[in-house]
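For reference, the chains in residue letters:
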Amino acid sequence: MIFQHRLSMNFKIFTALLLLMLLSNASLYSQQITLDRVEPPFWWVGMKNENLQLLVYGKSISLTKPEIITPGLSIVKVTKAESPNYLFVDLVVSSGATPGIYTLLFKKDGQTVQTFDYELKARRAGSVNRKGFDQSDVIYLLFPDRFANGNPGNDSHPEMLDKADRTNPDGRQGGDIQGMINKIDYISDLGFTSIWHNPLLENNQAKYSYHGYAISNFYRIDPRFGTNDDYLRFIQLSHDKGLKVIKDMIFNHCGSGHWWMNDLPWQDWINQFESYTRSNFRAGTVFDPYVSEYDQNLFQRGWFDTNMPDLNQNNPFMINYLTQNSIWWVEYADLDGIRMDTYPYPFKEGMAQWAKRLMDEYPDFTVVAESWLTEPGQVATWQRGDKLGLGYESHVTHVFDFPMYEAFRFAFNEQQGWNSGLVRFYNILSQDYLYQNPSEIVIFSDNHDGDRIFNKVNKDMRSLKLAMTFLLTTRGVPQIYNGTEIMMAGDEKVGHGDVRKPFPGGWPDDNRDAFTRDGRTEQENEIFDHIHTLLKWRKSKSVIHYGRLTHFIPHNNTYIYFRYNETEKVMVILNNSDEEQKIDIRQFAELAGGNSVGVNILDNTTYQLNNLKVPAKTGFILELK
Ligand code: CA
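Residues numbered from 1 in each chain as written. Predicted model: local features only at pLDDT ≥ 70, side-chain atom pairs only at ≥ 80, totals over all residues. Heavy atoms only, no water.

**Student:** Describe unusual backbone geometry, with residues and values.
**Tutor:** Following E39, the chain continues into P40 via a peptide bond in cis, with omega recorded as -5°. If you trace the backbone, P40 turns up in the loop between β1 (37–39) and β2 (42–45). If you check the backbone angles, S60 has positive phi at about 55° while not being a glycine. Looking at the secondary structure, you find S60 in the loop between β3 (51–57) and β4 (65–67). A positive phi angle, near 70°, is found at D334, a position not held by glycine. By secondary structure assignment, the location of D334 is in the loop between α6 (316–333) and β14 (337–340). (Helix = DSSP H or I, 4+ residues; strand = E, 2+ residues; numbered from the N terminus.)

See the structure below:
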């Protein structure tokens with residue numbers, strides 16, 4: 001009895017344990033193994049490149065083996081990282097796949113412990129042929145936190161560390177996507193054709209989150225700006241008004257608040273040092289033939305700021321992650337262009353791979369690289385075509401004309417010399433042979449990172465008008481920073497907050513609304529009207545977009561150039577001197593020889609070319625007849 005009882009007891013315990021193991025196997029694993037995130041969160045059928053690499057994140061997920069059983073989507077490779085909480089799953093999405101939900105199974109010992117429903121969407125009609133911006137466009141640079149607050153209810157968010165603080169110039173002011181949507185008509189009516197907005201993705205940082213350049217989630221619009229759907233709505237409504245949208249992207253760094261910073265897949269996912277090491281910010285080191293390894297290494301691997309970990313684009317999974325992220329946003333949000341931040345800072349090979357895959361997918365798309373270098377020869381190294389024969393093909397269509405940007409600081413405040421006054425512009429343009437395509441350049445007098453143009457011209461309204469006249473009639477794609485149209489001032493020495501001041505009228509409790517004529521001062525309306533007139537006129541002038549440029553060496557601080565094609569001829573005169581200038585038209589006979597009059601589009605006045613006098617500090621744009 002006793003023996004039998006023991007046996008029976010042992011048998012019962014054994015059976016119970018076995019049963020428990022069998023029953024709890026799945027739930028046991030699912031407790032130990034989680035699936036928190038799959039990125040990209042969805043994809044499309046019919047992309048030119050059929051490869052897709054998923055980043056799968058979850059506790060101990062690397063103990064599982066992913067499977068998929070539906071035809072059209074197949075797993076070709078699975079890679080484990082150093083952290084046990086990642087899997088990188090390479091898939092092929094065959095062109096014949098049907099859009100729909102495909103269930104990914106994550107199995108352990110033959111049992112499914114996690115599943116993920118992965119959606120393959122149908123592509124937008126015409127997506128492949130999307131056209132980027134070109135010289136026919138004028139770009140409005142819009143700083144979202146400081147432009148308009150369309151939803152005061154989202155200024156702070158329970159999940160986000162940094163709360164709105166309108167008393168702090170480095171704090172969040174509350175501008176958002178709804179504010180941008182509310183002002184689409186304003187931007188369109190002013191005559192712009194494109195918007196480049198500063199970043200909108202989640203920046204869950206304790207401080208300085210307002211500028212958006214420290215991303216903590218590459219797939220999510222910051223809830224203090226709105227939702228992903230709000231962003232799609234903004235782009236759709238912009239397109240309805242004929243406005244293109246250029247998204248600001250940052251692949252050099254992420255924010256220290258990024259979710260992966262607590263658990264990197266590989267230690268080389270970011271560039272790390274024993275103690276905090278800042279970049280030397282010398283973008284010229286990348287192509288300097290005499291550069292030291294020390295300097296170049298510091299430039300490329302050093303961190304942009306303490307709260308901005310430097311991403312390692314030499315890690316193939318990292319560059320693939322970033323590349324897919326940008327293609328995802330183009331396809332998802334229907335983008336017209338990308339502005340890539342701090343372009344020379346990331347490793348250039350990875351970035352070339354990114355741009356090539358992007359341009360292979362969308363051959364007529366445009367990317368403008370923030371190439372903050374002072375010499376045209378340095379900026380030109382980053383434009384596609386390898387004009388300089390450096391053995392580096394960037395695949396990037398556009399670069400920013402930073403040498404011209406620097407010239408705007410001085411050109412209108414100086415007497416003319418060999419390299420001063422308006423000769424600065426003349427000299428920069430005379431080096432355009434360095435570029436593969438000098439018209440694929442974005443020109444600007446200021447942006448969110450430095451003194452506003454109104455400060456650069458010593459707050460002289462006449463100079464500001466001249467600056468805008470030049471910007472909108474020379475070669476390239478002009479970009480104007482929001483607020484320039486109401487001559488907003490901003491001094492970098494005071495702080496970034498000063499050059500990023502909120503637009504008056506963007507907040508419900510503002511004491512005036514400068515988005516309206518009545519809310520602007522007389523002087524603001526004068527500048528506004530000047531820019532408005534120029535933009536309206538420029539919009540239909542293919543002679544300014546694509547016409548040839550011939551310029552003459554400035555004399556008496558007066559710069560004269562012509563834009564012309566087979567049917568039209570425009571003569572631009574910028575008199576930056578303090579005296580009236582009498583123009584001897586005979587000097588310009590090679591272009592104006594067959595013409596007798598010119599109509600100034602700025603005041604609709606007709607001038608006889610043989611008796612042309614331009615008042616001090618004044619510009620003329622003459623359509624020659
Ligand atoms: Ca808001």
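There's more to say after this.
**Student:** Help me get a handle on the sheet that holds strand β13 (residues 244–249), residues and values and all.
**Tutor:** Read around the barrel, eight strands follow the order β9-β10-β13-β14-β15-β16-β17-β18 and close on themselves; strand pairing throughout is parallel. The mean inter-strand angle of the sheet, taken between neighbouring strand axes irrespective of direction, is 25°. Strand direction decides the pairing type here: strand β16 (residues 398–400) and strand β17 (residues 441–444), joined by two bridges, are parallel. Bridging from a neighbouring strand, V399 pairs with I441 of β17. Running over the sheet, helix α7 (residues 348–361) touches β14 and β15 (366–369) and is turned about 175° from β14. (Pairing = 2+ DSSP bridges. Axes fitted to C-alpha atoms, helices over the stretch in contact; angles between N-to-C directions. Contact = heavy atoms within 4.5 Å.)

**Student:** So what's going on with the packing of aromatic side chains? Residues and values would help.
**Tutor:** Taken as a whole and judged by the stated rule, the model has 69 aromatic pairs. Judged by centre distance (4.1 Å) and plane angle (20°), the rings of F503 and F515 are stacked. Pair noted here: F503 is in the loop between α13 (496–499) and α14 (522–539) and F515 is in the loop between α13 and α14, with a separation of 12 residues, a long-range link. Under the relative-accessibility criterion, F515 is labelled buried at 9%. Against the face of F225 rests R172, its NZ or CZ located 4.9 Å from the ring centre. (Phe/Tyr/Trp six-rings, centres within 6.5 Å; stacked < 30°, edge-to-face > 60°. Buried < 20%, exposed > 50% of the residue type's maximum accessible area, 1.4 Å probe, protein only. Lys NZ or Arg CZ within 6 Å of the ring centre and 35° of its normal.)

**Student:** How would you explain the side chain of D90 if you had to name every residue and give the values?
**Tutor:** When you line up the elements, D90 lands in strand β6 (residues 86–93). For the buried D90, no salt bridge is present, and the opposite-charge side chain at shortest range is K77, 5.2 Å distant. Here Q53 takes part through its side chain, which lies 3.1 Å from a polar atom of the side chain of D90. Sequence-distant contacts of D90, that is, excluding residues within four places in its chain, are made with L52, Q53, S74, I75, V76, K77 and T79. (Lys, Arg positive; Asp, Glu negative; His and termini not counted. Salt bridge = Lys/Arg side-chain N within 4 Å of Asp/Glu carboxyl O. Polar contact = N/O pair within 3.5 Å; in protein donor to acceptor, adjacent residues only side chain to side chain.)

**Student:** Tell me about the nonpolar core, and please be specific about residues and values.
**Tutor:** Among soluble globular proteins, nonpolar side chains are generally buried collectively. Within the largest apolar cluster, 169 residues are counted, with the highest numbers of intra-cluster contacts made by Y231, W260, W269 and W354. Within the second largest apolar cluster, 18 residues are counted, among which are I560, L609, V614 and F620. (Core = buried A, V, L, I, M, F, W, Y, C linked by side-chain atoms within 4.5 Å.)

**Student:** Break down the coordination of the calcium ion for me, citing the residues and quoting the values.
**Tutor:** Around the calcium ion, the donor atoms from the protein are N149 (OD1), N151 (O), N154 (OD1), D155 (OD), G174 (O) and D176 (OD), and they sit 2.3 to 2.6 Å away. Linear spacing of the donor residues for the calcium ion on their chain is N-x1-N-x2-N-D-x18-G-x1-D. What makes N154 buried here is its relative accessible area of 10%. We classify D155 as buried; its relative accessible area is 15%. (Donors = N, O, S within 2.8 Å, 3.2 Å for Na, K, Ca; no water.)

**Student:** Give me the lowdown on the sheet that holds strand β8 (residues 111–122), citing residues and values where you can.
**Tutor:** A sheet is described by the order of its strands in space; here four strands give the open sequence β2-β8-β7-β4, paired in mixed fashion. Looking at strand neighbours, the two that pair on one side only are β2 and β4, the edges of this open sheet. Mean inter-strand twist for the sheet, computed between neighbouring axes without regard to direction, equals 35°. Pairing geometry for β2 and β8, over four bridges, is parallel. By the bridge assignment for β8, W44 is matched with K121.

**Student:** Requested: an account of the pairing of β6, with residues and values cited.
**Tutor:** Within β6, seven of the eight residues are buried, which leaves the element mostly enclosed by the surrounding structure. As paired strands, β3 and β6 are joined by seven bridges and run antiparallel to one another. Looking at β6, one finds that Q53 is bridged to D90. As defined by bridge partners, strand β5 (residues 73–80) adjoins β6 across seven bridges and the pair is classed as antiparallel. Each residue of the ladder has a partner; that of I75, found in β6, is L91. Linking two consecutive strands that pair antiparallel, namely β5 and β6, is a turn of five residues.

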